[in-house]
Structures are given as structure tokens and as C-alpha cells.
Amino acid sequence: MITLAARYVFPVEGPPILDGAVSIAEGRIVRVGPAATGGAIDLDLGNAAITPGFVNAHTHLDLDPLEPANADGPENEVEWLRRVVMSRRSGTGAESAWTNVAAGIEAGTTLLADTTSNGQSWEAVAASPIRGVVFHELIGLKRLRGMETSGAAFEWLATVKNDDPDPKTRPGLSPHAPYSTAGWLYQRAAISKLPLSTHLAEMPEELELLESRTGPLRRFLDDLGAWDDDWEPIGARPADYIRRGDLRQADWIVAHGNYLDPSEFWQFRPEAAPQGQRVAIAYCPRTHARFGHAPHPYRAMLERGIVVCLGTDSLASSPSLSILDEIRYLHRIDGTARGELLLTMATLFGAWALRSDHITGSLKAGKSADLAVVSLPDRDESDPHELLLSSDLPVVGTMFRGEFVHGKWA
Ligand SMILES: [Zn+2]
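Everything quoted here is computed from the prediction, not taken from an experiment.

1. Describing the overall build of the protein chain
Within the protein chain one finds 14 helices and 16 strands. Considering only C-alpha atoms, the protein chain reaches an extent of 70 × 45 × 40 Å along its principal axes. Counting the 410 residues in the protein chain, one finds 50% classified as buried. Excluding contacts between residues fewer than 6 apart, the proportion of contacts in the protein chain whose partners are at least 24 apart in sequence is 69%.

2. Quick notes on the nonpolar core
Grouped together as the largest cluster of nonpolar side chains are 106 residues, with contacts concentrated most on Ala280, Ala282, Val308 and Cys309. Each of domain 1 (2–52 + 362–407) and domain 2 (54–353) contributes no fewer than three residues to this core. For valine 308, the contacting residues outside a window of four places in its chain are Ala280, Ile281, Tyr283, Tyr298, Met301, Leu302, Met345 and Phe349. If you look at the next biggest cluster of nonpolar residues, it comprises eight residues, including Tyr179, Leu207, Leu217 and Phe220.

3. Considerations on unusual backbone geometry
Phi at histidine 256 is positive, roughly 80°, even though this residue is not glycine. Positionally, histidine 256 belongs in strand β11 (residues 252–256). Look at arginine 355: it is not a glycine, yet its phi comes out positive at around 55°. Inspection of the secondary structure assignment puts arginine 355 in the loop between α13 (348–353) and β14 (371–375).

4. Some points on the domain arrangement of the protein chain
Domain annotation of the protein chain identifies domain 1 (2–52 + 362–407) and domain 2 (54–353). Taking the mean C-alpha position of each, domain 1 and domain 2 sit 30 Å from one another. Of the residues lining the interface, 19 residues belong to domain 1; the matching set on domain 2 comes to 19 residues. With four residues, the single largest contributor to the side of domain 1 that touches domain 2 is helix α14 (residues 385–389).

5. Comments concerning the pairing of strand β10 (residues 196–200)
Along β10, five of the five residues are buried, which leaves the element largely enclosed by surrounding structure. Side chains Leu196, Thr198 and Leu200 of β10 all project onto a buried face; the interleaved residues Ser197 and His199 project onto the opposite face, where all are buried too. Sheet topology note: the β10/β11 ladder contains five bridges and is parallel. When the bridges of β11 are listed, leucine 196 appears paired with tryptophan 252.

6. Considerations on helix α12 (residues 339–346)
Here α12 lies mainly inside the structure; six of its eight residues are buried. All buried positions along α12 are accounted for by Gly339, Leu342, Leu343, Thr344, Met345 and Ala346. Each element contacted by the buried residues of α12 is listed here: β5 (48–52), β6 (54–59), β13 (307–310), α11 (323–333), α13 and α14.

7. Brief notes about the environment of threonine 37
With respect to the helices, strands and loops of the structure, threonine 37 is situated in the loop between β3 (28–34) and β4 (43–44). With 16 residues separating them along the chain, threonine 37 and alanine 21 place their C-alpha atoms 9.1 Å apart.

8. A closer look at helix α4 (residues 143–160)
What sets the pattern is the α-helix's 3.6 residues per turn: residues three or four places apart point alike. Under the 1.5 Å per step criterion, the end-to-end length of α4 is 26 Å for 18 residues, consistent within 8% with the ideal 26 Å. By the burial criterion, the buried members of α4 are Gly146, Thr149, Ser150 and Ala153. The buried residues of α4 all sit within an arc of 95° when viewed along its axis, so they share a single face. Exposed residues lying more than 90 degrees from the buried face of α4 are Leu144, Gly151, Glu155, Ala158 and Thr159. Of the surrounding secondary structure, the elements contacted by the buried residues of α4 are β8 (131–138), β9 (169–175) and α5 (183–190).

9. Examining the environment of leucine 66
With respect to the element layout, leucine 66 can be found in the loop between β6 and α1 (77–89). Sequence spacing of leucine 66 and serine 314 is 248 residues, and the spatial spacing of their C-alpha atoms is 9.5 Å. With near-sequence residues (within four places) excluded, leucine 66 lies in contact with Arg83, Val84, Ser87 and Ala316.

The rules behind each value
Along each chain, residue indices are assigned from 1 in the same order as the chain's sequence is written. Confidence filtering applies because this is a predicted model: local features only for residues at pLDDT of at least 70, side-chain atom pairs given and counted only at 80 or more, and all residues used for totals across whole chains, interfaces and linings. A run of DSSP states H or I qualifies as a helix once it reaches four residues; a run of E qualifies as a strand once it reaches two. Both are numbered from the N-terminal end. Three exposure classes are used. Buried residues have 20 or more other C-beta atoms within 10 Å of their own C-beta, exposed residues have 12 or fewer, and partly exposed residues fall in between, all C-beta atoms being placed from the backbone. What counts as a contact here is a pair of residues whose C-beta atoms, placed from the backbone, lie within 7 Å. The term nonpolar core refers to a group of buried residues, namely Ala, Val, Leu, Ile, Met, Phe, Trp, Tyr and Cys, whose C-beta atoms join them within 7 Å. For the domains described, the bounds stem from an automatic or database domain assignment. Only when DSSP finds a minimum of two bridges between them are two strands counted as paired. The span you would expect from a helix comes to 1.5 Å times its residue count less one. For this quantity, the arc is that covered by the directions from the helix axis to the C-beta atoms.

Laid out in C-alpha cells, this is it:
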């Protein structure tokens, strides 16, 4: 057994512990509590916080940074999509996935959900010392394109099948978005019994397309040769894409949800699932800001019982792959969001959404020793979460299953 001590331990399920300690044996946490009563300390981390490893519930590891189109204002998201399509055509992104998963680990991530166009990050995520769900995209409004991408996805699934009862890396499927993906691909994904992810209610242009089949996204799809005159949306509202028929039989990570209407919120509550299926919103704060969207309704969603977790989205829209950076940003722009809530969104809610909260997402006896060590500033605060959030000090250690995988103790 080893015991780590630090100025603060943030268990998430329970209040912060001043002068706390975490004891670990065989990769699992055996005790979380005050250092004074926990026996011998093997490693004193000093003026630092021990938190659960961060959970990045929505990213695309295969994408490289894309400079903002204009320096001084929000960027048009449809124009940005055109640029991403062009840059994706120039390479597969498999190389970038290796660099980007490493950047995630340096940022304290121990569980991530990666959406790829063709599963290209699988090897990098499987070889990494953290947990991950790799989603293979299903895309295409036109029948033929949809058949191509679903054929490729199911072939890929056969190659990554795993019988491990607690696999570190799991496959999933991602019907891309209502504006790019035919309804039958959503249905096919939902009956697979795999974890699913989709982009939903991301921009006003998407709502316009669903309601009237017109607007900037229609022109974008026409230009790409991807528009299908026979296309019928699953429904006129984004929520229809996770609730109609078989669609409700699956776990969904809903990326963004920026423009979900409050009248649709109830359909995203865990109570609305017929058999315990999990639906969560993955809000990506800095990506949301880049496109100048209307304020995200995450607080109203949480108040209505929806699980809102956090994603960075890709480097093409976000300055880093750090969930800690995301909550520090949210803390800056929304001073009323309590630190305790932000840290829970960054850890336990993401683990719940990925059906991993029984093994990770909080510091609790019996769970995997997946944690991050964050340097703290030399000052006192009445709410210790302020030490984590009103700071730019880095993650100095990442531990997975009881082993340091980043930092000087690795
Ligand atoms: Zn995305």
C-alpha cells in the first residue's frame, strides 16, 4: 500500500479535506481522509490538490489546431466547418491522435471520449495509460454515403472487439449530426447496444435546416455535393434524435446542446429513460465561446436534473485539451457557478455519462486510483475550490490505476 498526502484532497463525493491523504493498494483507493489519522505517508505532494482524474466527454483527437478566421470577433461555425472538412481531406489524423492523447494525460485526463471519422485514434488510445471510448462516425444524408460509412464502422467494430469485462478502451458509434446524417444511421447506431455520441442543437443553422430544409447549412451541403433532395429529418426538433423509437434504447453523449429549448429538457433527464439508459450533455465552454453562441443553458439544464458534463472538443476549436482549463474558463465567465459543481461536472458527471462512475470519477474507497495532482497557489481561501479555479498553476501529476503516468513521480 502507498499513501499520498497533499494540502487538499478533493474527493468530489464529499467535501474537500485540508491536509488530506489517499491510500492506494493494487491500483485501487483504499482510504481517503485526513493525513493525521491515516498512518505513514509515503509521498507528500506538498502545496497541491489531489483530485479525481478529469473526464473529457467530447473531443476529436485526430484534429490539429485551426487558427481563428478573424482575430477580434466570433467565428461563423458553418464557415469553420468548411475549413475542417478541407483540413481533414489532407490527412487521416492518426498521427495527431498520439500527440493529443499525450496532451490530455498531461492535463490530468484519465478518461476520454473521442469521436473519430474512422476509428483512427483507437491504437493511440488503447496504447495510452488511460481509459477511453473511441466513437466511429456514421455520416451521410445520401443513401450511398451512409452505407459506406456504416459499412466501414461495422468492419472496424469487428477488429476492436474485446472480451475484457473491464476494458480500458471501448468502441462506440457516433452518428455525426442531424444536418449531416440520415435518420436510418441513427437507428442503426441505437440498436448496436454500444455507447453513442452525436452533435446536437449545436448552431441556429441546424435548427433552420430541420425546420425548413434551408439556410447556410443547406448551401454548405449543396457545395459539398452531400445534400439529398429526399432527406427527411427524424423530427423537426433536435430532441427527436435521441428519443424516437429505438433511439431511446441507447446511452447518448450529446455534444453541445447549445440551442436545446427548455421545453425539450425533460427528454434529457435520466428519469425519462425507459430502462436506465444514460443521456448526458457534453458542454464544451471554450469552443462554445469561439463561435459566439447564445449563452449555454447548462445551469438551467442542471436545475432540471439533466447531467451536464464537459468536453474540450478538438484543437480545431479549443486552445487546449484540458478540462481543468475549461472549468477555470467557466469559473471566470460565470462567477455564480460554484466550484464544487464545476469540479463534479469535470469528473464524476463525465464518468457517469460514460457508464464508468462505478470505477472512476471520484476519490472513494474501492474505485480505481485515477487521479490528478494540481499545484496550488500560496494563499488561503474560504472555499478551497478557489485555489484550484482562480489559478493557472498546472497539473503536475496524473495517476492511472495507482501508477503515475505523468509528472516527476512517473
Ligand atoms: Zn465535436
